[in-house]
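Observations on chain architecture
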Amino acid sequence: MTRGDTTTGREPRSDRLTGRDRRSLGAAVLGWTVDMYDLLVILHVASYVAVAFFPSEGSPLLGLTATYAAFAVSLVVRPLGALVFGSLADRTGRRRAMAISVLGAGLATAAMGFLPGVASIGIAAPVLLLVLRVAQGLFVGGITASTHTLATETLPERWRGMAAGLIKGGGASLAVVLINLIMIGLVAVQGQETFAAWGWRILFVVALLGSAANLLVLIKVEESPAFVERRAQLAAQGPGTPAPSPVTALFSARWRMLTLATVAIVFTASAPYYLTTGILPTVYKQALGLEQSAASAFLIINVVLSATIAVLCGHLSQRIGRRPVFVTSGVACLVLIPGLYLVMASGPADWLLLVCGALMVMASGAISAPLIIFINELFPTEIRSTATAFSWNVGYGLSGMLPTFVTAVSSGVEAIIPVLIGTSLVLAIGFLALMAKTRETRGALETA
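Criteria and cut-off values
Residues numbered from 1 in each chain as written. Predicted model: local features only at pLDDT ≥ 70, side-chain atom pairs only at ≥ 80, totals over all residues. Heavy atoms only, no water. UniProt positions renumbered as here; feature names shortened; annotations may be inferred. pLDDT = per-residue confidence, 0-100. Contact = heavy atoms within 4.5 Å. Phe/Tyr/Trp six-rings, centres within 6.5 Å; stacked < 30°, edge-to-face > 60°. Helix = DSSP H or I, 4+ residues; strand = E, 2+ residues; numbered from the N terminus. Buried < 20%, exposed > 50% of the residue type's maximum accessible area, 1.4 Å probe, protein only. Expected span 1.5 Å × (residues − 1).

The name an unreviewed UniProt entry assigns to the chain is MFS transporter, from the organism Pseudonocardia nematodicida. Regarding the chain, the UniProt comment filed under Subcellular location (unreviewed entry) reads as follows: "Cell membrane".

Written out as structure tokens, the structure reads:
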């Protein structure tokens with residue numbers, strides 16, 4: 001696998017973090033939190049959404065599969081949002097693209113909370129839910145087009161690995177923590193029965209508050225220095241010089257094969273996330289019979305540990321390289337995820353279920369920790385947002401369908417864990433095979 005030469009020959013800037021750096025990083029982490037909250041909230045209330053929009057008296061798995069399919073709809077359209085907002089970010093700036101996409105995602109997610117169910121408006125309910133999932137997917141794809149580039153292009157080289165782990169691991173984990181804390185609070189106040197009837201809808205409405213908070217933070221954030229310099233270079237070439245289309249360049253002969261290879265890496269690297277964090281709410285509640293509060297508490301502990309590992313592994317990749325971290329964590333996923341699911345299937349005590357889940361989620365956090373900066377380092381400034389967002393959203397879109405695949409091919413609730421074991425083995429082997437052909441990228445991103 002080759003990569004583009006993005007070296008500019010400028011003198012490296014100081015490693016010291018400035019106020020501008022911290023604001024950019026904070027906005028990126030918060031933006032990623034909004035992104036993941038909007039995207040993942042449906043997974044954490046999948047059993048309730050299934051009853052409201054996809055009722056199936058014959059088999060609970062049918063309703064769950066339909067709900068996961070509704071989740072997958074957003075993933076399918078995310079690449080289109082990545083191209084639209086990635087192009088906007090590469091042409092007009094990271095901040096503008098981020099502001100529009102964050103607001104749009106929050107509005108679409110909040111609208112789902114107010115949508116009547118099948119019992120009220122019949123078949124129109126799931127149809128409208130799918131429409132909102134499409135809109136949400138477009139905007140969520142746009143968030144990934146701007147958050148990571150805004151931060152990594154602004155920060156000094158020394159902190160870029162850490163930032164990648166913090167944005168991806170910290171942002172995603174914070175979203176899961178918020179979702180589950182809200183769920184625990186609502187169940188405590190409303191009771192399980194009321195929460196199951198309508199209280200779960202509040203989680204969707206809360207998404208709009210996250211978007212508002214992110215917009216307030218963005219007001220004080222400056223544009224990426226790399227983008228500003230690139231725009232100045234185009235201006236120096238003369239007012240009549242047309243700006244090249246990032247989308248056209250991405251699919252040109254020069255970048256096409258690299259883009260496809262990057263998609264494959266993102267898919268196999270992100271698969272452990274959906275085979276652990278993404279489906280553990282269902283495994284805990286449906287396959288293992290845990291209560292909602294216990295399942296939520298377990299998930300909060302799991303993702304906090306995952307975020308810690310992501311930040312550490314992201315920073316480690318800045319010292320020893322992206323590839324060694326990928327390979328080591330890939331081997332960990334190959335061994336731990338199938339092995340620990342096998343332990344969970346044996347029906348151990350609750351504390352051991354927590355330990356197994358935590359170790360699996362930590363392995364998935366480690367493997368994806370350097371992923372953002374790794375992709376950023378593959379592409380030059382003029383197409384970085386478009387290329388990274390497209391590769392990320394296609395790869396994550398494919399892996400995000402894994403919960404749907406697992407429940408669809410499982411013969412019953414009891415078969416979910418065996419299917420997870422086989423799927424995780426195949427994809428971990430695929431990731432390690434791709435890493436065998438991948439070159440190191442550390443340091444390739446031009447110094448801002």
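1. Re the confidence of the model for the chain
Residue-level pLDDT values for the chain average 86, and 94% of them are 70 or greater. In this model, residues 2-10 is a region of pLDDT below 50 whose contacts with residues beyond four sequence positions or in other chains number 24 contacts.

2. Considering the packing of aromatic side chains
The final tally for this structure, using the stated rule, is 13 aromatic pairs. The interplanar angle of 75 degrees and the centroid separation of 5.9 Å between the aromatic rings of phenylalanine 326 and phenylalanine 431 together place this pair among those described as edge-to-face. Taken together, the residues phenylalanine 326 in helix α17 (residues 322-345) and phenylalanine 431 in helix α22 (residues 416-435) connect sequence positions 105 residues apart. One exposure class covers both phenylalanine 326 and phenylalanine 431, and it is buried. Taken together, the ring pairs in this structure connect Trp32, Phe71, Tyr273, Tyr274, Trp392 and Tyr396 into an aromatic cluster.

3. Points about helix α12 (residues 225-236)
Along its twelve residues, α12 runs 16 Å from first to last C-alpha, staying within 8% of the 16 Å computed at 1.5 Å per residue. Of the positions making up α12, those classed as buried are Pro225, Ala226, Phe227 and Arg230.

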